[in-house]
Structure formats: structure tokens, C-alpha cells
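# Summary of structural features
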Amino acid sequence: VEGPDKKTEVVLLACGSFNPITNMHLRLFELAKDYLHETGKYKVIKGIISPVGDAYKKKGLISANHRVTMAKLATKDSDWVEVDDWESSQSEWLETLKVLRYHHQKLLSPDPTNSLQNALPLTKPGRKRKQEPNRHEPIKKKNQSPDIKSVPQVKLLCGSDILESFGIPNLWKSEDIAEIVENHGLVCISRAGNSVQKFIYESDVLWRHKNNIHLVEEWITNDISSTKIRRALRRGQSIRYLVPDVVRAYIEKHNLYSPESEDRNAGVILAPLQKNASDSKN
């Protein structure tokens, strides 16, 4: 039926360390959902939290097992945000683009075999691509357009720090950034007065796809970060009301954050920097 029901369905995907998950992480989903619904064009049907795997090698990163468990505890009362442990269970670090592709593929075919074979680029109409071996087309093309309206869009939900990290040499591949903003889109939560728009203006690829980047200003400012939570815990200070109570209880029970845990991966180069730097040399 034409009319108000013709909204594009959206799945919001947040990737990151979640070390630990905080109230601010959960708040990002609510802010993004409100914003997209207020445009009148979108209907958010699901939020997915995808913690990064241990192979990311970030300093102070505790085991994925604990981070996934805390995220599941934090979202157990949510009727629309859930945790997916596919990314965290991979033995190697995965680019964010591959995680986006995987979740898009999962929406196309409800029973994806959990392999990177399915994490292939989205095709846009008019762009020919060589047929990969063993690739099955999950959906018959209607009207010759592979971008079927009935398949929800998977958009990357992030804070302004992620968007600005696109500018860090070797952290992201430029073709990955292009595919993320062109084929999926970003919903970026920025603090009021943040200069994210200036950053988009200064990047040709972001500017080209700026209509696919939704900037959501957060007027009720909230400066909670996982780094600050870990610092408070190392100093024996309270983190109550900064993380969900169930997460706080879990951290205390397992004595998760300490000066020792903060030194994990100290001196180790972050996985994307290692991989992309070696790729650019070859």
C-alpha cells in the first residue's frame, strides 16, 4: 500500500569494544531510533550490538566472552536491541564492513552459513560483478533491481569518534569507507556543537555520500566512556548509574578491571593498523 506504510526498514548495527558496555552505548540506540522515526522515512526494526573479537588487540581489552556477556545482561530488558557474538567469535579481526555485509546477508537469507563467503559486497544496480564460485543468489531479482526495498537496510550506528577515525592513516581502508557510506549508511551521534560536519566537508568520499550519513545531535550531553569507567574501577571508585546495575554486579563478581587488565596488549599494534599497513606495502 502506498502512503505512510512505505517506510524503509532499518537495522542499526553498533560495532566496538564495549569494554565494558555503558549506559551511553545503550542511549545511542534510542537517540538514533528517535531521529530516524522523526524523519518519517524510516522504521527501525532492530538494534544489534556486535562486540569486537580479542584479535583486535586493543590495549586493555578484556576477553570477548566477558564483554559479550555484559552486553547481553545490559540488553536483556530491551525489546529491540540484541547482542550478536558472530564477530567476537572469529579467530581473526574482521573489518567493520565485513560485519555489515554479514548482517545484510543474514537478512537476505534467514539461514546464512556462518562464513565470510556470505560477507560479499552489496551490488548496486548497473554495476556488473563477476559471479563468485559457489555463490547462490538468496533472492530472485524483482524488476531487475538487486536493492529490494523489502530488505531492511543495515546502517552503522556510531559516535562522532568513529566517523573522525576514518581520517587516521591505515585504520580504515578507503574503499571500505566508500562502501560503508554508499551501500549501508551511517547514523552518527554527535555532541551538540561537535565539528563532525566540518569533517564530512573535508572528506571527498563522505561529502559525496553525505545524504547517507545521518547526524544526530545529542542535546542531553553525556560524557560516559568505557575508558573512564575502567579508570574509576582501577581506582576503586563507584561506577553506579554509569553502567546498568547487572553489568556493575558482573564486573564486581569477576573482578574484571584492574591495572593488570589495562596493560593487556600494551605495546601491541592494533590489528587494523597491522593489516592495512602491511597491505599498503605489498
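Under an unreviewed UniProt entry, the name given to the protein is Nicotinamide-nucleotide adenylyltransferase, and the source organism is Ceuthmochares aereus. UniProt lists a comment for the protein under the heading Subcellular location (unreviewed entry), and it reads "Nucleus".

Bringing the confidence of the model for the protein into the picture now. For the protein, the mean per-residue pLDDT works out to 87, and 83% of the residues sit at or above 70. Considering only residues more than four positions removed or in separate chains, one finds that residues 127–148, a stretch of pLDDT under 50, has 27 contacts.

Under the 1.5 Å per step criterion, the end-to-end length of helix α1 (residues 23–38) is 23 Å for 16 residues, consistent within 8% with the ideal 22 Å. Taken as a whole, α1 has its buried residues at Met 24, His 25, Leu 28, Phe 29, Leu 31, Ala 32 and Leu 36. Between a side-chain oxygen at the N-terminus of α1 and the backbone nitrogen of Met 24 the separation is 3.1 Å; the capping residue is Thr 22. Positive backbone phi, at 80 degrees, marks Gly 40, one or two positions downstream of α1.

We now examine the pairing of strand β2 (residues 42–51). Counting buried positions along β2 gives seven out of ten residues, so the element sits mostly inside the fold. The pairing of strand β1 (residues 8–16) with β2 spans nine bridges and is parallel. The residue bridging Cys 15 from the neighbouring strand is Ser 50, located in β2. As for the winding sense of the linkage, the β-α-β connection from β1 through α1 to β2 is right-handed. Note that β2 and strand β3 (residues 81–83) share three bridges and pair parallel. The residue of β3 that forms the bridge with Ile 49 is Val 83.

Before going further, it helps to examine the packing of aromatic side chains. One pass over the structure, following the stated rule, counts four aromatic pairs. For the pair Phe 166 and Trp 172, a centre-to-centre distance of 4.7 Å together with 80 degrees between the ring planes defines the contact as edge-to-face. For Phe 166, a relative accessible area of 10% puts it in the buried group. Arranged with centres 5.8 Å apart and planes meeting at 85 degrees, the rings of Tyr 201 and Trp 207 form a pair that is edge-to-face. The exposure class assigned to Tyr 201 is exposed, which follows from its relative accessible area of 57%. Note on Trp 207: relative accessible area 42%, which makes it partly exposed.

Analysis parameters
- Residues numbered from 1 in each chain as written.
- Predicted model: local features only at pLDDT ≥ 70, side-chain atom pairs only at ≥ 80, totals over all residues.
- Heavy atoms only, no water.
- UniProt positions renumbered as here; feature names shortened; annotations may be inferred.
- pLDDT = per-residue confidence, 0-100.
- Contact = heavy atoms within 4.5 Å.
- Helix = DSSP H or I, 4+ residues; strand = E, 2+ residues; numbered from the N terminus.
- Expected span 1.5 Å × (residues − 1).
- Buried < 20%, exposed > 50% of the residue type's maximum accessible area, 1.4 Å probe, protein only.
- Polar contact = N/O pair within 3.5 Å; in protein donor to acceptor, adjacent residues only side chain to side chain.
- Pairing = 2+ DSSP bridges.
- Right-handed = clockwise from strand over helix to strand, strands pointing away.
- Phe/Tyr/Trp six-rings, centres within 6.5 Å; stacked < 30°, edge-to-face > 60°.

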